[in-house]
Amino acid sequence: MRPGALALLLGGASALLAGLAVVVPFLLRATGSSGLLVGFVLSLFPLAIVLLAVFAVDRWEPEPRGLIVLALVWGAVMSVAATALIQPLFLDAFGPRSGAAATLRFLATVEAPVVEESTKGLGLLILMLAARKYVDGPVDGIVYGMTIAAGFAFTENILYFGRFFSETSGSAASLAVIFTMRGVLSPFAHAMFTGTLGLIMGLAARRWSPGLVVGAFLVGLAPAMLLHNIWNSGGEDFFLLYVLVQIPLFGAAALGLYFLRRAEARLTHARLVEYAQAGWFSPLEVEMLATPRGRSAGLRWAGGVGRRPAMRSFIRTATDLAAARQRVLSGRDVRGYAAAQQELLDRIGRERDALLGVSGGRPQL
């Protein structure tokens, strides 16, 4: 392992251990051991819902699973640890000087939006700066933002569910109410907040510049914090706000993701057409590799002949090739592109042979 990679690995492991040293005792003090266990189990449900949505959004050009795991861990551990450490300092510096009700409202409507979105967003910024070649546009930014948010919400739900379990002596009715509120009605709340930041940073990443991405981070925090503030300001009018504001916002977000996915598919198609014109793909292959209908048909055919994994690899490599060319056309990753392109083209040749069942030009029996 290279010294730089080893240092990064050791630094990351040390940061994770330090984060866990903050988060685990914090949760135990708030929930107790039984509450922690109950909260952990119940929190898996909303986490699974959000991660399924992330994988659905990420299907066209899947991000490296290692980066997805890192984003999830940042949200679940590092963001929560930083929030727990910063919260009392923020309250002391900016909070109301008297009144329990005023303090609670400040925590919900000011501290939580500002501190939580900043700590989640910091992880997104670090990831995009450190692994910039994997962030090609707004969909990638949304994927990483939603994943960080899913991790944060998971740990936060452990706190809420576990604390309610402990405070109500295991009352099933009370636990059902808080689970319905957080796990059923609002599993995507944090994902929508931080996903908005990811969208703005992903747009900036199309034309790469570290300064531009940092600027997009600072700009994108504003709508993320605003959405968080609106959500936390519901109070007694929560259900009215949920119906009139949150459901329309969620619908708009889903519609926006649909159009962003279509735009991503069009870019893939346009780049592969260029390779087809140079003789690397047939027009039929381009349609199979770069359209949703074509991919579905190709996977069905490959499944029928026992080569579905080979087809998946062929689709993935062709998508990586299109993304690499798009990055160069937008002024990014120009250095080393020729070698990377050739490696991808060589891999495509091998995967096409495996898919068609040929080796050295002869059919495999």
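Here we summarise the structure given alongside this text. (Residues numbered from 1 in each chain as written. Predicted model: local features only at pLDDT ≥ 70, side-chain atom pairs only at ≥ 80, totals over all residues. Heavy atoms only, no water.)

**Focus on the overall build of the protein**
The secondary structure content of the protein amounts to 12 helices and two strands. Counting from the amino terminus, the protein carries its helices and strands in the arrangement α-α-α-α-α-α-α-α-α-α-α-α-β-β. Here the C-alpha coordinates of the protein stretch approximately 80 × 45 × 45 Å along the principal axes. Looking at the protein as a whole, 42% of its 365 residues qualify as buried. Within the protein, counting contacts between residues at least 6 apart in sequence, those at least 24 apart form 75% of the total. Total accessible area computed for the protein in this model is approximately 18400 Å², and 68% of it derives from carbon and sulfur atoms. (Helix = DSSP H or I, 4+ residues; strand = E, 2+ residues; numbered from the N terminus. Buried < 20%, exposed > 50% of the residue type's maximum accessible area, 1.4 Å probe, protein only. Contact = heavy atoms within 4.5 Å. Areas by Shrake-Rupley, 256 points an atom, 1.4 Å probe, with all protein chains shown as cover.)

**Things to note about the pattern of salt bridges**
Where side chains of opposite charge bring their charged atoms close, a pairing between them can arise. Under the definition given, this model contains nine salt bridges. Arg65 is paired through a salt bridge with Asp58; the nearest N and O atoms lie 3.7 Å apart. A residue is classified by how much of its surface remains accessible, and Arg65, at 45% relative accessible area, is partly exposed. A salt bridge links Arg352 to Glu285; the shortest N-O distance between them is 2.8 Å. Of this pair, Arg352 sits in helix 12 (residues 337-356) while Glu285 sits in helix 9 (residues 283-290), and the two are 67 residues apart along the sequence. Each member of the pair Arg352 and Glu285 is classed as buried. Among the charged side chains, a salt-bridge network with shared partners connects Arg271, Glu274 and Arg325. (Salt bridge = Lys/Arg side-chain N within 4 Å of Asp/Glu carboxyl O.)

**Overview of helix 12**
The end-to-end C-alpha distance of helix 12, which contains 20 residues, comes to 28 Å, matching closely the 28 Å that a straight helix rising 1.5 Å per residue would cover. Inspection of helix 12 places Tyr337, Gln341, Leu344, Leu345, Ile348, Glu351, Arg352 and Leu355 among the buried residues, and these make up the whole buried set. The arc that holds every buried residue of helix 12, seen down its axis, measures 130°, which confines them to one face. In this fold, the buried residues of helix 12 make contact with helix 8 (238-277), helix 9, helix 10 (292-304) and helix 11 (308-329). Phi turns positive, to about 75°, at Gly357, one or two residues after helix 12. (Expected span 1.5 Å × (residues − 1). Arc of directions from axis to C-beta.)

**Here we look at helix 2 (residues 65-94)**
At Trp74, helix 2 is deflected by roughly 40°, the largest bend along its length. Among the residues of helix 2, Leu67, Ile68, Ala71, Gly75, Ala76, Val77, Met78, Ser79, Val80, Ala81, Thr83 and Phe90 are the ones counted as buried. (Bend = angle between axes of the 7 residues up to and from the residue.)

**Re the packing of aromatic side chains**
One pass over the structure, following the stated rule, counts eight aromatic pairs. Aromatic pair Phe45 and Phe179: ring centres 5.7 Å apart, planes at 45°, arrangement tilted. Highlighted residues: Phe45 in helix 1 (residues 3-57) and Phe179 in helix 5 (residues 172-184), separated in sequence by 134 residues. Ring-pair connections join several aromatic residues into one group, and the members of that group are Phe45, Phe161 and Phe179. Taking NZ or CZ as reference, Arg182 lies 4.1 Å from the ring centre of Tyr160, over its face. Lying across the ring of Tyr275, Arg325 places its NZ or CZ 5.9 Å from the centre. (Phe/Tyr/Trp six-rings, centres within 6.5 Å; stacked < 30°, edge-to-face > 60°. Lys NZ or Arg CZ within 6 Å of the ring centre and 35° of its normal.)

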